[in-house]
Amino acid sequence: MLNHDQSYPRTKLNLTIENLSQAVFIVNRHAKTAINPKFLYKLKQESLKKLIDEGKARKVGLHFSDHPRNSKQQSDVLVECGRYTFHIPPTKSDFQVLPHLGKLDENVRNPKAHISLNAAKALLQSYTGLSELENQPYPRKDQRTYQKPIFKKLGERY
């Protein structure tokens, strides 16, 4: 059922650990292939941060990243939430407090989740209070829009 002011189906939003972890899983999976994944990753990170603060998720340890940026090695924090595990960027204190678990075990997989991306986003947005409109950059007024060059014949004035 669509509400006139919503573009996604209205669903009953149960904020259980299982539903929230499934929603984070779906958002994370779609962020990996999205054209503009910035908002989805922010939604994932803020949701996990809030779950950790509320004691509904916990930081397990550090893993070496599969895709380090500019360095040869980079670590990510392994977060456990319900039956799911996720990786988030570490803080400085994480390196002193958390044990390093070494290389990521490729055989460990999250269970499948059957929620649509829109329902998952709606659930996490209501949980964190984030909205997608906040993250969209507004075009700057001093920025010029591209104009096609005008070609003229040799000797012709414009």
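From a predicted model like this one, the values you see are computed outputs, not experimental measurements. (Residues numbered from 1 in each chain as written. Predicted model: local features only at pLDDT ≥ 70, side-chain atom pairs only at ≥ 80, totals over all residues. Heavy atoms only, no water.)

Undergrad: It is not clear to me how the sheet that holds strand β1 (residues 58-64) should be interpreted in this structure. Could you clarify?
TA: Strands pair in a sheet through their backbones, by hydrogen bonds, and they do so in one of two ways: parallel or antiparallel. The 3 strands lie next to each other as β1-β2-β3, forming an open sheet whose pairing is antiparallel. Edge positions in the sheet fall to β1 and β3 (84-88), since each of these pairs with one other strand and no more. Going from strand to strand, the sheet's axes swing by 30 degrees on average, the running direction of each strand aside. The sheet contact formed by β1 and strand β2 (residues 75-81) spans 6 bridges and is antiparallel. Bridge assignment links L62 to a residue of β2, and that residue is V77. Running over the sheet, helix α1 (residues 17-31) touches β2 and β3 and is turned about 50 degrees from β3. Packed on one face of the sheet, helix α2 (residues 38-53) meets β1, β2 and β3 and runs near 115 degrees to β3. (Pairing = 2+ DSSP bridges. Helix = DSSP H or I, 4+ residues; strand = E, 2+ residues; numbered from the N terminus. Axes fitted to C-alpha atoms, helices over the stretch in contact; angles between N-to-C directions. Contact = heavy atoms within 4.5 Å.)

Undergrad: Before we go on, may I ask you to explain the environment of L62 in this structure?
TA: Along the chain, L62 falls in strand β1. Residue class for L62 comes out buried when judged on its relative accessible area of 1%. Beyond its immediate sequence surroundings of up to four residues, L62 is in contact with S75, D76, V77, P90, D94, F95, L98, P99, H100, L101 and G102. (Buried < 20%, exposed > 50% of the residue type's maximum accessible area, 1.4 Å probe, protein only.)

Undergrad: What is the right way to read the environment of N118 from this model?
TA: Topologically, N118 is positioned in helix α4 (residues 117-128). Owing to a relative accessible area of 37%, N118 belongs among the partly exposed residues under this scheme. N118 sits 92 residues away from I26 along the chain, and the two C-alpha atoms are 9.6 Å apart.

Undergrad: Teacher, can you tell me more about α4 here?
TA: The end-to-end C-alpha separation of α4 is 16 Å, in line with the 16 Å expected for 12 residues at 1.5 Å each. A119, A120, K121, A122, L123, L124, Q125 and Y127 are the residues of α4 that are buried. At the exit of α4 stands G129, carrying a positive phi of roughly 90 degrees. (Expected span 1.5 Å × (residues − 1).)

Undergrad: Would you mind going over the side chain of Q125 with me for this structure?
TA: Assignment of secondary structure puts Q125 in helix α4. When its relative accessible area of 18% is taken as the criterion, Q125 is described as buried. Look past the residues within four positions of Q125 in its chain and what remains in contact with it is F39, L43, L130, S131 and E132.

Undergrad: What exactly am I supposed to notice about the confidence of the model for the chain here?
TA: Low pLDDT means the predicted atomic positions in that stretch should not be read closely. Of all residues in the chain, 82% have pLDDT values of 70 or greater, and the mean over the chain is 80. Across the chain, the secondary-structure element scoring lowest on mean pLDDT is helix α5 (residues 132-135), at 62, and the one scoring highest is α2, at 91. Note that residues 1-11 has pLDDT below 50 and, in this model, 8 contacts with residues that lie over four places away or in other chains. (pLDDT = per-residue confidence, 0-100.)

Undergrad: I tried to follow the pattern of salt bridges on my own but got confused; where do I start?
TA: Oppositely charged side chains can pair when the atoms bearing their charge come close. Applying the stated criterion across every chain, the model contains 5 salt bridges. The partner of R58 in a salt bridge is E80, with the nearest N and O atoms 3.2 Å apart. Here R58, found in strand β1, pairs with E80, found in strand β2; they are 22 residues apart in sequence, far enough to count as distant. Among the ionic pairs, K59 bridges to D94, the shortest N-O distance being 3.0 Å. With K59 in strand β1 and D94 in helix α3 (residues 92-97), this pair connects stretches of sequence that are 35 residues apart. (Salt bridge = Lys/Arg side-chain N within 4 Å of Asp/Glu carboxyl O.)

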